[in-house]
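Breakdown of the fold
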There are 4 protein chains.
Amino acid sequence: MTGVDRIVYRPGPGELAHTFGARLPVAHVRCGDVLEVFTQDCFGGLVRGPADLPSRVCRMPYLNPVSGPFFVEDAEPGDTLAVHIAAITPATDWGVSTTFPHFGALTSTLRTATLQPPLPERVWVYGIDQQARTVRFQATSSDHTVDLPLEPMIGTIGVAPAGFEARSTLVPDAHGGNLDTPQLRPGVTLFLGVNVHGAMLALGDGHARQGEGEACGAAVEIATVTTLLVEVVKGVTTPWPRLETDTSLMSVGCARPLEDAYRIAHHDLVGWTSTLTGLDTLDAYQLVSQAGRAPVGNVCDPNYTILAAVDKALLPAPADAYQDAHRRLRRLAAETR
Amino acid sequence: MTGVDRIVYRPGPGELAHTFGARLPVAHVRCGDVLEVFTQDCFGGLVRGPADLPSRVCRMPYLNPVSGPFFVEDAEPGDTLAVHIAAITPATDWGVSTTFPHFGALTSTLRTATLQPPLPERVWVYGIDQQARTVRFQATSSDHTVDLPLEPMIGTIGVAPAGFEARSTLVPDAHGGNLDTPQLRPGVTLFLGVNVHGAMLALGDGHARQGEGEACGAAVEIATVTTLLVEVVKGVTTPWPRLETDTSLMSVGCARPLEDAYRIAHHDLVGWTSTLTGLDTLDAYQLVSQAGRAPVGNVCDPNYTILAAVDKALLPAPADAYQDAHRRLRRLAAETR
Amino acid sequence: MTGVDRIVYRPGPGELAHTFGARLPVAHVRCGDVLEVFTQDCFGGLVRGPADLPSRVCRMPYLNPVSGPFFVEDAEPGDTLAVHIAAITPATDWGVSTTFPHFGALTSTLRTATLQPPLPERVWVYGIDQQARTVRFQATSSDHTVDLPLEPMIGTIGVAPAGFEARSTLVPDAHGGNLDTPQLRPGVTLFLGVNVHGAMLALGDGHARQGEGEACGAAVEIATVTTLLVEVVKGVTTPWPRLETDTSLMSVGCARPLEDAYRIAHHDLVGWTSTLTGLDTLDAYQLVSQAGRAPVGNVCDPNYTILAAVDKALLPAPADAYQDAHRRLRRLAAETR
Amino acid sequence: MTGVDRIVYRPGPGELAHTFGARLPVAHVRCGDVLEVFTQDCFGGLVRGPADLPSRVCRMPYLNPVSGPFFVEDAEPGDTLAVHIAAITPATDWGVSTTFPHFGALTSTLRTATLQPPLPERVWVYGIDQQARTVRFQATSSDHTVDLPLEPMIGTIGVAPAGFEARSTLVPDAHGGNLDTPQLRPGVTLFLGVNVHGAMLALGDGHARQGEGEACGAAVEIATVTTLLVEVVKGVTTPWPRLETDTSLMSVGCARPLEDAYRIAHHDLVGWTSTLTGLDTLDAYQLVSQAGRAPVGNVCDPNYTILAAVDKALLPAPADAYQDAHRRLRRLAAETR
């Protein structure tokens, strides 16, 4: 892991991608490179004010664009790609959220199909104060405003799927994608199973913050400059996205119904911790049952997302996941800042 | 619709497809052409006897291959492709069914993930008697045999998906795909919305018969020679697969949980019949509620499938769906037999 | 089984029940007695015309009243109650169906809760012609009428639940209740596990007919005179409701999501047929997977209902369920008509 | 609210209840009374060591006993009962958790029915150190031990259900019951709609702690002495359980599939905050979407439980819920300690 480069990528016109898979790479990255990526917001930057109703200004399938894919050198099927999120900086001083016809958790949808008309479509514009680390909610029907913590995250990040598939960037699944979980924030390392030669990493859909479940179907959507470091863990497979922070291990489940997302995440975390620590499966199941957290990601996308999380301090040593890639990438991120 | 050709297609080595989308066409067809396609069984022909456990002889993602795609001339996004199934002939005198580890309705799966070991994997070989129109079940643990009706159907048929996606042939969704519903039998016309230039029709996964839900995860799987006729209905969109027979209209819903498949199918059928007949939405909802049937397709694939069906005789005239394409194709099928 | 009596019961004012469980019996019946019961419709007879919107004329929880409970002599916990439906006669020459605010399959509900307003509430009155065996649908927004087959069934029938529970008559579950499946028609024998001394059988909610799933939330609702014969099968437990006709065995699953109803029904049918016939579990699973039917009951009640059905002719002998109670009750019904 | 009494209740032999509803009260309480209740653990105290497999030592339906019901004076249908949890003290220095055949989130169950055998049944005994505020996990297959925070909570608390129902204490629903959510801890006020004269409050199933989702089906189960204060909020209805702390408002949703629990909770919280603050519905929807939390309660009981939570500080004034009952009860609790 020598020769650390800083690769700065800003997508040119027409370069944004709307699938994971079936796209040619826009750049190559090597282990330890610092990758600084401009990401567009989920509306492609077209929703800027109350009159910009997304169903009017956006056109399917040109929603939720991602930057990339990036070809990761030495990444082959059967490996795991470790992606450390070093920084997420809002690219503008505003963010935007909306309702969208027949999309969201508290409305019927194209799949939870009912005969009811859609909810009204509306736009909320948030002011972002990077000094104060706040985003300002402004009610549309009254003068209530309130500052919420600025907690930038990446909504969509993933690799090319297995089985020759190309999946819409709206979809979260085993390859990552539109995970829409607040845990994808600076300081975390994301582990993704590599399915194709070069992994084909892509990302977008920044959020200044989001509530758990992203109930209305959109977060506080922002363009970002996001800084990543990657490493390839050779010969280690990863069935579902996993996250590591300095203190926690997390598995991500994506499915419908929501309990299957819970089952996937917890099944994976039980197996992962059992393998890492030598606890037998039932002991790991028991420990996760009493000590685990289950943060909800999204309850609006084509698959819903829940995480299973456990504190590393509760596990017997040794518990160095992925040959300690998180610690290594974290240190490297600090050095190269 | 002149110049009817009979196009005979038998996939060569390496020609089978494992996605809808992201594949180049294997042949061109025009409206009214008779398309005679050899389709391989869902195991690619590799499971032939009790020792051929699919998890041993098959390799992911090389399951459920389809023949095609066929480029349909004049089919453009925004049109509907009408596909009439004229005949499905088993290509062999045997079929096969199996359990498969962590796949099926009565087992935990990779998504309904539990800590339990999989059910035993086992193969059942069925004898097919085309004269008698029977398939013979032979118990593996006793000498019970019984003849079931031979009712050939196509499990997987669809077009390239929208939004630049490529989907595994294991998945049923709005583009068709692995619908696994017994209604896909000779005499039916299938309507699919066209998403890409040329539609890119493909099919495979023949079944000598299947129960409703395909509980164990597999039908009586066969290779087939399947005869189709196609027509493009210009300027008419179709959100979900629809079927028409001489007596019925049917909408197909694919989703998880299963109630969403039911909702999609019934929402579509209510809207379709309302548009066709001038019944207002609530009257159509009421009529379908009292007269509708809801045959279950599969409860094992990545999306589950249910149909909503209503008899055409119950609807007020006019109710000629898709400019009468079904009647036209049916007549043509009879003429060209 | 001697001394066959005909017990005629018509509920007096205030005698209708709105729970299974927690009610004192209205009459005693013995094995082989013929029980002729008047049942009120699900609206308590209060919806008779277009102006009688159920949300206005009915009051919760006084919906879906049942007649009973009947104390069945000799029925004890651990036994099975066999209930043969000999006849269901509409008590009037009209039936009624409605939409109801936030109830039904194609609307958000109190549990699939969305922020959308309810669909409009509307009443359809059907004419019933018992000679012609038809029910006449009359559109409310146009002059379309069409005759549908009269196929009377009982929507709600059950016993007191286990575990000291009392369940609303709106709920279908292991004790029976609001199963809302068209298979509950004359000629069928229903098997229910007995949970309390005397079983406490009750029934109501007749339908002149219904579509599969009861999409709008109501069938063609009627008052009936229903004729039953009962028998107690001693020392045999029944975990979920089961049905037998001259030709079929059926298990009933009630749950949400709908796939769990499917799983319950098919798990039960596989186990039942395996026990009856000596087929091993996987052989029974395979046979049901290829030969089974999965008729949908309701997709609107607090639990959804699906059946798993298999033809008796396909099973190896011996397959006499419940000591041949169905055949015995069927004969007795014929003799006592 | 004068004449504050301290009512101490310890259930005598045979006094424990296994339903909400259909039980006579064990004591009367008035607004402001301090109610100190001994609660048994969910196994009725019968599981004390590794050999006490619950399927062997417990007998259905004698699981999850509750103490009560308590008749609350002046509580009438249409009112809301406010229950402040002042203290939860473990009654012993040990707690216990187990797997249970076909129960839990990572196993097939009686409803998510599969043909697989159950997971092994096993017992974990935890040491509780009330000084150190820890519970000690001890692996059964290795010597790993770890201390987890002692965070006592009440798993089951509720009132008699509406509609003359009696529900098993295993069930969480609109009446409360087996909510199994860690938020039911000291310092919270629970609001429950009153369905019957006297409300009929009961509680039990203490947990020394639990993970989110209670994955294995059991928490660290303990007997407790729990101290409550109650108040009746006259003429105010409450559709689903709600919680208030000094800083948060929370709505509780109970349903299957899990997304319906999410929908119920968030639908209720949006409506509640909108009513409290004058924010219009879509503004409240937006604010909850960006600022809301969605802590998971259980993913193993007959209904699953998720909460929707929002910080009171984010809402425009006035936002005094339930006529400020929480603040009043909290103060009273402090005074009477």
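All of the points below concern the structure found in this document. Just so it is clear, the model here is predicted, and its values are computed rather than measured. (Residues numbered from 1 in each chain as written. Chains lettered and ligands numbered in written order. Predicted model: local features only at pLDDT ≥ 70, side-chain atom pairs only at ≥ 80, totals over all residues. Heavy atoms only, no water.)

The operation relating the two chain copies consists of a rotation about an axis and a shift along that axis. Structural alignment of chain D on chain A gives an RMSD of 0.0 Å, achieved by rotating through 180° and translating 0.0 Å along the axis. Read as a symmetry element, the transformation amounts to a two-fold axis. Measuring from the rotation axis to each C-alpha of chain D, the shortest distance belongs to D:Leu258, at 2.6 Å. The residues that chain D uses at the interface reappear at the interface of chain A in 100% of cases, marking a shared surface. (Least-squares fit on C-alpha atoms with pLDDT ≥ 70 in both. Contact = heavy atoms within 4.5 Å.)

On to the packing of aromatic side chains, then. Scanning all chains against the criterion turns up 23 aromatic pairs over all chains. Measuring from centroid to centroid gives 5.3 Å for C:Tyr9 and C:Phe70, while their planes differ by 90°, and the two rings are edge-to-face. Of this pair, C:Tyr9 sits in strand S1 (residues 6-9) while C:Phe70 sits in strand S5 (residues 66-72), placing them 61 residues apart in sequence. For the pair formed by C:Tyr9 and C:Phe70, the shared burial category is buried. Note that B:Arg10 overlies the ring of B:Phe38, its terminal NZ or CZ placed 3.9 Å from the centroid. (Phe/Tyr/Trp six-rings, centres within 6.5 Å; stacked < 30°, edge-to-face > 60°. Helix = DSSP H or I, 4+ residues; strand = E, 2+ residues; numbered from the N terminus. Buried < 20%, exposed > 50% of the residue type's maximum accessible area, 1.4 Å probe, protein only. Lys NZ or Arg CZ within 6 Å of the ring centre and 35° of its normal.)

Counted according to the given criterion, the structure contains 84 salt bridges over all chains. Between A:Arg327 and A:Asp324 there is a salt bridge whose closest N-O contact spans 3.3 Å. Taking relative accessible area as the criterion, A:Asp324 reaches 22% and is therefore assigned partly exposed. One salt bridge in this structure joins B:Lys234 and B:Asp79, with 2.5 Å as the shortest N-O distance. Of this pair, B:Lys234 sits in the loop between strand S18 (224-233) and strand S19 (242-244) while B:Asp79 sits in the loop between strand S5 (66-72) and strand S6 (80-90), and the two are 155 residues apart along the sequence. Given the relative accessible area of 39%, B:Lys234 is considered partly exposed. (Salt bridge = Lys/Arg side-chain N within 4 Å of Asp/Glu carboxyl O.)

Attention now moves to the pairing of strand S11 (residues 153-158) of chain D. All names here are of chain D. Most of S11 is tucked away, with 6 of its 6 residues classed as buried. One ladder, built from 2 bridges, connects S11 with strand S14 (residues 176-177); its direction is antiparallel. Counterpart to Gly158 in the pairing with S14 is Gly176. (Pairing = 2+ DSSP bridges.)

Across the boundary between the two partners, chain D contributes 62 residues, which contact 62 residues of chain A. Both sides of the chain D and chain A interface together cover about 4900 Å² of buried area, and 60% of this is carbon and sulfur. In this structure, the salt-bridge partner of A:Asp280 is D:Arg122, at a minimum N-O distance of 3.2 Å. Counting every contact that joins chain D to chain A gives 42 residue pairs in polar contact (both at pLDDT 80 or more). Elements supplying a minimum of two residues to the side of chain D that touches chain A: strand S7 (94-98), strand S8 (123-129), strand S10 (145-149), helix H2 (258-277), helix H3 (281-291) and strand S21 (304-311) of chain D. Considering every element that reaches the side of chain D that touches chain A, the biggest residue donor is H3(D), with 8 residues. Considered class by class, the residues forming the side of chain D that touches chain A number 34 nonpolar, 18 polar and 10 charged. (Buried area = accessible area lost by both parts, 1.4 Å probe. Polar contact = N/O pair within 3.5 Å; in protein donor to acceptor, adjacent residues only side chain to side chain. Nonpolar A, V, L, I, M, F, W, Y, C, P; charged D, E, K, R; others polar.)

Next up on the list: the relation of the copies chain B and chain C. If you rotate chain B by 180° and push it 0.0 Å along the axis, it lands on chain C with an RMSD of 0.0 Å. Looking at the interface residues of chain B, 100% of them are also at the interface in chain C, so both copies use one shared face.

A few words on the pairing of strand S18 (residues 224-233) of chain D. Residue and element names in this part refer to chain D. The element S18 is largely enclosed, with a buried count of 9 among its 10 residues. Where strand S4 (residues 34-39) lies against S18, 6 bridges are found, and the strand directions are antiparallel. Residue pairing for S18: Thr39 is matched across the bridge by Thr224. By the bridge criterion, 10 bridges tie strand S6 (residues 80-90) to S18 in an arrangement that is antiparallel.

This part covers the sheet that holds S6(B). Residue and element names in this part refer to chain B. Pairing is mixed across the open sheet formed by 8 strands, whose spatial order is S1-S4-S18-S6-S15-S19-S20-S21. Looking along the sheet, the strands with just one partner apiece sit at the ends: strand S1 (6-9) and strand S21 (304-311). Averaged over all neighbouring strand pairs, the angle between strand axes comes to 25°, with direction disregarded. As defined by bridge partners, S1 adjoins strand S4 (residues 34-39) across 4 bridges and the pair is classed as parallel. Note that in S4 the partner of Ile7 across the bridge is Leu35. Contacting S19, strand S20 (248-255) and S21, helix H2 (residues 258-277) runs over the sheet at an angle of about 145° to S20. (Axes fitted to C-alpha atoms, helices over the stretch in contact; angles between N-to-C directions.)

So, about the environment of C:Trp272. Residue and element names in this part refer to chain C. With respect to the secondary-structure elements, Trp272 resides in helix H2 (residues 258-277). Through-space distance from the C-alpha of Trp272 to that of Ala313 is 15 Å; in sequence the pair is 41 residues apart. The contact partners of Trp272, leaving out residues within four places of it in the chain, are Arg242, Leu243, Leu249, Met250, Ser251, Ala321 and Tyr322.

Before going further, it helps to examine the nonpolar core. In this structure, B:Val72, B:Leu81, B:Tyr285, C:Val72, C:Leu81 and C:Tyr285 are the most contacted members of the largest nonpolar core, which totals 186 residues. If near-sequence neighbours (up to four positions away) are discounted, B:Val72 is found in contact with B:Val29, B:Leu81, B:Gly198, B:Ala199, B:Leu201, B:Val230 and B:Val232. Core analysis: the next-biggest nonpolar cluster, separate from the first, contains 185 residues, A:Ala75, A:Ala265, A:Val288 and D:Leu276 among them. (Core = buried A, V, L, I, M, F, W, Y, C linked by side-chain atoms within 4.5 Å.)

Peptide bonds are trans in most cases, and residues, glycine excluded, mostly fall at negative phi. With an omega of 5°, the peptide bond between A:Gly68 and A:Pro69 qualifies as cis. With phi around 60°, A:Arg133 is a residue other than glycine that occupies positive phi space. Following the sequence through the fold, A:Arg133 ends up in the loop between strand S8 (123-129) and strand S9 (134-138). Of note in the backbone geometry, C:Phe164 takes a positive phi value of approximately 65° without being a glycine. By secondary structure assignment, the location of C:Phe164 is in the loop between strand S11 (153-158) and strand S12 (167-168).

By themselves these figures say nothing about function.
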